[in-house]
Structure formats: C-alpha cells, structure tokens
Amino acid sequence: MTLVSERPASDSKAGEHVEPVRRNGRWIDHWEPENPEFWEKTGKKVARRNLLFSVFAEHLGFNVWVLYSILVTQMGAAGFVFMQGDAAVNNALILISTPVIVGAILRIPYTFAVSKFGGRGFTTFSAAMLLIPTIGLAIAFSQPGTPMWVFLILAALTGFGGGNFSSSMANISFFFPESKKGAALGINAAGGNLGVAVTQLAMPLVITAALLFTANDEAGYRFALSVAALFWVPFILIAMFGAWTRMDSISGAKPDGDSYPRAMKNKHTWIMAFLYIGTFGSFVGFSFAFPTLLRTYFPELQNVGWMVALGNLAFIGALVGSFSRPAGGWFADKVGGAKLTFLVFVGLSLSIAAVMGALALESFPLYLISFITLFVITGIGNGSTYRMIPMIFSASVRHRAESEGISTEAALASAKRQAGAAIGVIGSIGAFGGFILQQALRLSNVHLGSMAPAFWTYAVVFLLMAGVTWWYYLRTSFAISRAPSLAHANV
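Parameters at a glance
Residues numbered from 1 in each chain as written. Predicted model: local features only at pLDDT ≥ 70, side-chain atom pairs only at ≥ 80, totals over all residues. Heavy atoms only, no water. Helix = DSSP H or I, 4+ residues; strand = E, 2+ residues; numbered from the N terminus. Buried < 20%, exposed > 50% of the residue type's maximum accessible area, 1.4 Å probe, protein only. Contact = heavy atoms within 4.5 Å. Areas by Shrake-Rupley, 256 points an atom, 1.4 Å probe, with all protein chains shown as cover. Phe/Tyr/Trp six-rings, centres within 6.5 Å; stacked < 30°, edge-to-face > 60°. Lys NZ or Arg CZ within 6 Å of the ring centre and 35° of its normal. Patch = residues over 30% accessible without salt bridge, like charges linked within 9 Å, V, L, I, M, F, W, Y side chains within 5 Å. Salt bridge = Lys/Arg side-chain N within 4 Å of Asp/Glu carboxyl O. Core = buried A, V, L, I, M, F, W, Y, C linked by side-chain atoms within 4.5 Å. pLDDT = per-residue confidence, 0-100. Axes fitted to C-alpha atoms, helices over the stretch in contact; angles between N-to-C directions. Parallel < 35°, antiparallel > 145°, perpendicular 65-115°, else oblique. Left-handed = near helix turned anticlockwise from the far one by under 90°. Nonpolar A, V, L, I, M, F, W, Y, C, P; charged D, E, K, R; others polar. Expected span 1.5 Å × (residues − 1). Bend = angle between axes of the 7 residues up to and from the residue. Lys, Arg positive; Asp, Glu negative; His and termini not counted. Polar contact = N/O pair within 3.5 Å; in protein donor to acceptor, adjacent residues only side chain to side chain.

A.B. asks: I would appreciate a short explanation of the overall build of the protein in the present structure.
C.D. replies: Within the protein, the regular secondary structure consists of 19 helices and 2 strands. Residues counted as buried form 58% of the 491 residues belonging to the protein. Look at the contacts in the protein between residues 6 or more apart in sequence, and 81% of them connect residues 24 or more apart. Taken as a whole, the protein presents about 19500 Å² of accessible surface, with 67% of it coming from carbon and sulfur.

As structure tokens, this is what we get:
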C-alpha cells in the first residue's frame, strides 16, 4: 500500500523532496506525521491501527516469554524428577532465567530488524516464532520422561518473546509525531508489560480447569501443562493474521549511519543502561521469580485452593508494575526524571529491607505488601528512566553544539536519533539485569544455603544506583561544569 498526503512530496515540512520507494506489499512510501494536515487526514488513523496490532503482538510476546514462571511451579507435580526434591528450586531458577537472557540478547537485533524488513513483515515473523516454543512445550509435557535439557532448549525459545518489545517500540516510534510519540510508546510498553500479569493470572486458572477433566495425578498435571502451553496458539495465529493484513511498513524508517556509533560512544548510554538494570531488570527478574519465591518461602499456600488457582497471587506484582510505568513518566514530567529515579532506587532498597523483615517475621501479608510495593516502584522507575534518556541526549548535544558552533536545530535532530539508537541497547542491557538477579538468587541459594545474601546485595546495589543518579544528573557542580544545559533540563 502506498499512502501519499494531498500535498506533493516536494512540499514536505522539511522542504525536501521525498522520493518514494515502491515495493509490493503494505509499504508506505511517503509519511509526514509532523505535517498537521497529513496527520489529521491520513496519518492518525493509520498510526493508531498499527499501534493496536503492535500492542497485541507484543503482549503475546510477553505472555510466552514469562510462561515458564508458572509452568515450573507445577512440573514437580507432573512427575518430572529434576523438579522434585532439593534440586527443584535451583533447576526452576535455571529454567526461568534462560528466557530472560535470550530475550535480552535478541532485543538488539530486533531493534534494527524493523528498518530492514518493515514493521508489518517483522511483526508477523516475530509472532510466528512464538508457535515454536508453545507447540514444543505441549509435546514435551506429554512425555513423562522428557529430560531437563529439552525444557532448557524450549525455555530459550520462549526468549523470542522478550525480543518483541524492542522491535515493536522501534516500529511504532516511526508512525507518530514527536508530540504524540511519548503517549504512543507508553501505551505500547504498558500493553506489552501487562502480558506478564495476564500469563501469571491465566495459566494457573487454565491448569486448574484442565485438571477438572482428568485425574489429579502426574499424568493429569502433564495434560494440564500441555493445555496451558497450547492455550496461546489461537491468539498467536490471530496476531499473525492481524499483523499481515492490517499493519504497514514505512519505507523511510531508516536510521542514519551516524547516530548508532555516536550513541555507543556516549557515556550516558552506558550510565542509563546501568540504571535500567535496576528498574526494568528488577521488574523482569522478580516477575519471573516471584511465583517460585512464593512457593519456596510459603509452601503452605499450596494447600489453599483458591490461592493456588490464582497463582498464589503472583500476577499482582507484574500487574501493578505494568500500570505504574506510565505513571512514572507522568511524575517525571512534573518533578524531573533524575529526581524521581533517585527516589526510586532509595525506595527499592527500602522495599528489599521490608521483604527481608517479612521473611524474618514469617508474615505472608507483609511479604506480599512489600513485594507489591517493590513492583510499583520498579514500574515508576521504568517510566522515569525512559523519560530521562531523550532529555539527557538533548542536553548533551546542546552542550556540544555550543562548544563546536553547530546549529541548535541540527543538534536536537541528532539527539533524537542518538536517543533512539541508545534505547535499543539500554533496553537489552536492562533485560539482562533480570538474568543477573535470578542467577544471584540461585547461586546464593546453592552456595550459601539461602537467598538472603542476594537480596541484601541488591539492596546495596540499589543505593549505589541512587548515588550514580545523583552524581551524574543531580549534582550541581556536574551540571554547571560539565554540561551547562543539564542544569535547566528536566531530566
């Protein structure tokens, strides 16, 4: 499909001739979201339609990515010996951390795949990849002797769902004007993150319902787990069909060759990646681990039927963390992203201390409240750190423009491209933080006999991240001596 505004390409807002690239398929050869007339008459409707199907496909990616967080809690009852006895917790943490590391790695190539293959084609492909682990798991669960290495491979394949976030965000960013991009990306991100909560709520209910049709024994649990894996297949097929028939690709959605190298050389890319480990990494890591942690520390909950049916309430953490992400962006606009991020890390450290206090008191209500608070704060932190990224790059290039005599307009355009390139790397490293967290819990449990040392280490790391935020983005001496624009930027 070729969309052309009523104005000729030569009258584009930038004053430059737009040479369309003609190819088969639903390709948009001329796209001017910053042109108000084009946006109101043509662009808005198309952009919203693409956002709708992008959110659906990305949501399913998170559904599948986090699938193991629930499945591992029932695999022991299904008769898989490696999920029984003393090795169960260690093997569960291995299985739930594998999708995280694969998803984190895939986020970088997925960020750039949209530019090469188009949003429509790559969204269809990324959704189709989710069929492999879901159907594979259904087959693996049907065999009582399936070894752990098979489940490990399938866990890695569910990691494809984690990469969907980056390709979806990159694709949607091209459709909306700057004034509306923040809201669109916020909806896209929150819609994807909600997939974690939906899986952790729906899968225990599906497993419980499936057990009603069979005996409550090992074979019955294997059947129920197969049903849980296959549950997503119809939705994946719908997402593929919707993406292929209703989404579009923008011919001009190509990054310039200079932005990525500049972003990689900018120290703020790596500083923000480190901070994003603390916010998004914690959200991912604890979301995957929370059901296992609940069963490990409060095994008596397995005897409370309605709590088992609700996944031991594990879904609440991901749910509140997803909904608080847009709130984090909104609060960051009001008080400043750096100030809010600093408070987030202090709050995360205090939340970990509250979790450890709840365990010492053996209080499940306090434990649940402490963890829910932690999830809320990670969501706020995800929003505030994403708010900081474009502002930091804008302030940084403005300082360079002042010192090198570059026009402010050119500098800000460069900042937007660099921030876009940096977000893919920051998102990948942030997700990798979830793997680090889970491995820290596992190694602490195996070698020290308790996960408490890992929790306390994270509390200290959060305070370190608060210090890094203050040092680079709140300290007056830095703002004045190193980058004058930062003193006035609401980062």
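A.B. asks: Honestly, the environment of Leu-201 in this entry has me stumped. Any pointers?
C.D. replies: Positionally, Leu-201 belongs in helix α8 (residues 178–211). Separated by 112 residues in sequence, Leu-201 and Leu-313 have C-alpha atoms that sit 7.8 Å apart.

A.B. asks: Just to check I follow, could you spell out the packing of aromatic side chains for this structure?
C.D. replies: Aromatic ring pairs are reported here in terms of the distance separating the ring centres and the angle at which the planes meet. Following the criterion strictly, the structure yields 36 aromatic pairs and no others. Both rings, one in Phe-283 and one in Phe-375, keep their centres 6.4 Å apart while their planes meet at 90°; by these two values the pair is edge-to-face. Taken as a pair, Phe-283 in helix α12 (residues 267–297) and Phe-375 in helix α16 (residues 364–404) lie far apart in primary sequence, 92 residues in all. For the cation-ring pair, Arg-475 lies above Trp-471, with the distance from its terminal atom to the ring centre recorded as 3.6 Å.

A.B. asks: Any chance you could explain a nonpolar patch on the surface here in plain terms?
C.D. replies: A surface patch of nonpolar side chains, about 220 Å² in accessible area, is lined by Ile-108, Phe-112 and Tyr-260. Its location among the elements puts Ile-108 in helix α3 (residues 88–117).

A.B. asks: What's the story with the nonpolar core in this structure? I'm lost.
C.D. replies: One broad rule of soluble globular proteins: the nonpolar side chains tend to lie buried together. Judged by nonpolar contacts, the single largest core of 133 residues is most densely connected at Met-75, Phe-151, Tyr-367 and Phe-371. The dominant element in this core, judged by the number of residues it contributes, is α12, at 15 residues. In contact with Phe-371, not counting residues within four places along its chain, are Phe-286, Phe-290, Leu-293, Val-355 and Phe-455. One finds Val-102, Leu-106, Phe-122 and Phe-160 within the second-largest nonpolar core, a separate group that totals 8 residues.

A.B. asks: So what exactly am I meant to see when it comes to the confidence of the model for the protein here?
C.D. replies: Caution is warranted with low-pLDDT regions, since their predicted coordinates should not be read in detail. Considering every residue of the protein, the mean pLDDT works out to 83; 85% of them sit at 70 or more. Within the model, the stretch residues 306–311 combines pLDDT values under 50 with 18 contacts to residues more than four positions away or in other chains.

A.B. asks: Got a minute to help me understand the packing of α12 against helix α18 (residues 452–473) in this structure?
C.D. replies: When two helices pack together, you describe them by how their axes are tilted relative to each other and by the distance separating the axes. Interhelical geometry of α12 versus α18 gives an angle of 155° and a closest axis separation of 11 Å. Between α12 and α18, the angle is such that the two are roughly antiparallel. α18 is crossed by α12, and the crossing has left-handed handedness. Side by side, α12 and α18 meet where Lys-267, His-268, Ile-271, Met-272, Phe-274, Leu-275, Ile-277, Gly-278, Ser-282, Phe-286, Leu-293 and Tyr-297 of the first sit next to Phe-455, Tyr-458, Phe-462, Leu-464, Met-465, Val-468, Thr-469, Tyr-472 and Tyr-473 of the second. Across the contact of α12 with α18, the residue classes tally to 16 nonpolar, 4 polar and 1 charged.

A.B. asks: Can you help me understand helix α14 (residues 315–335) in this one?
C.D. replies: Note on helix geometry: an α-helix contains 3.6 residues per turn, so any two residues three or four positions apart are oriented the same way. Between its first and last C-alpha, α14 extends 30 Å over 21 residues, near the 30 Å set by a 1.5 Å rise per residue. Its axis deflected by about 30° at Arg-325, α14 carries its strongest bend there, up to four residues before the proline Pro-326. Two residues or fewer after α14 comes Gly-336, characterised by a positive phi angle close to 105°.

A.B. asks: I keep staring at the packing of helix α5 (residues 131–141) against helix α10 (residues 233–246) and nothing clicks. Help me out?
C.D. replies: Put simply, α5 and α10 touch, their axes get as near as 10 Å, and they point 160° apart. Judged by the angle between their axes, α5 and α10 are roughly antiparallel. Helix-helix and strand crossings are classified by hand; for α5 and α10 the assignment is left-handed. Of the residues in α10, those touching α5 at Leu-131, Thr-134 and Ile-135 are Val-233, Ile-236, Leu-237 and Met-240. Broken down by class, the residue content of the contact of α5 with α10 amounts to 6 nonpolar, 1 polar and no charged.

A.B. asks: In this structure, what is going on with the pattern of salt bridges? I would like to understand it.
C.D. replies: Between side chains of opposite charge, pairing is possible as soon as their charged atoms come close. Using the criterion set out here, one finds 4 salt bridges in the structure. The partner of Asp-248 in a salt bridge is Arg-49, and the shortest N-O contact between them spans 3.1 Å. Here Arg-49 lies in helix α1 (residues 36–65) and Asp-248 lies in the loop between α10 and β2 (249–250), a separation of 199 residues in the sequence. One exposure class covers both Asp-248 and Arg-49, and it is buried. A network of salt bridges, in which partner residues are shared, links Arg-26, Arg-49 and Asp-248.

A.B. asks: How should I be thinking about the side chain of Arg-107 in this particular structure?
C.D. replies: Checked against the element boundaries, Arg-107 lands in helix α3. For Arg-107, which is buried and forms no salt bridge, the nearest opposite charge comes from Glu-58, at a distance of 6.5 Å. Here Gly-427 takes part through its backbone oxygen, which lies 3.4 Å from a polar atom of the side chain of Arg-107. Those residues within four positions of Arg-107 in sequence are excluded, and the remaining contacts are Phe-62, Trp-65, Gly-162, Gly-163, Phe-165, Ser-166, Phe-280, Gly-427, Ser-428 and Ala-431.

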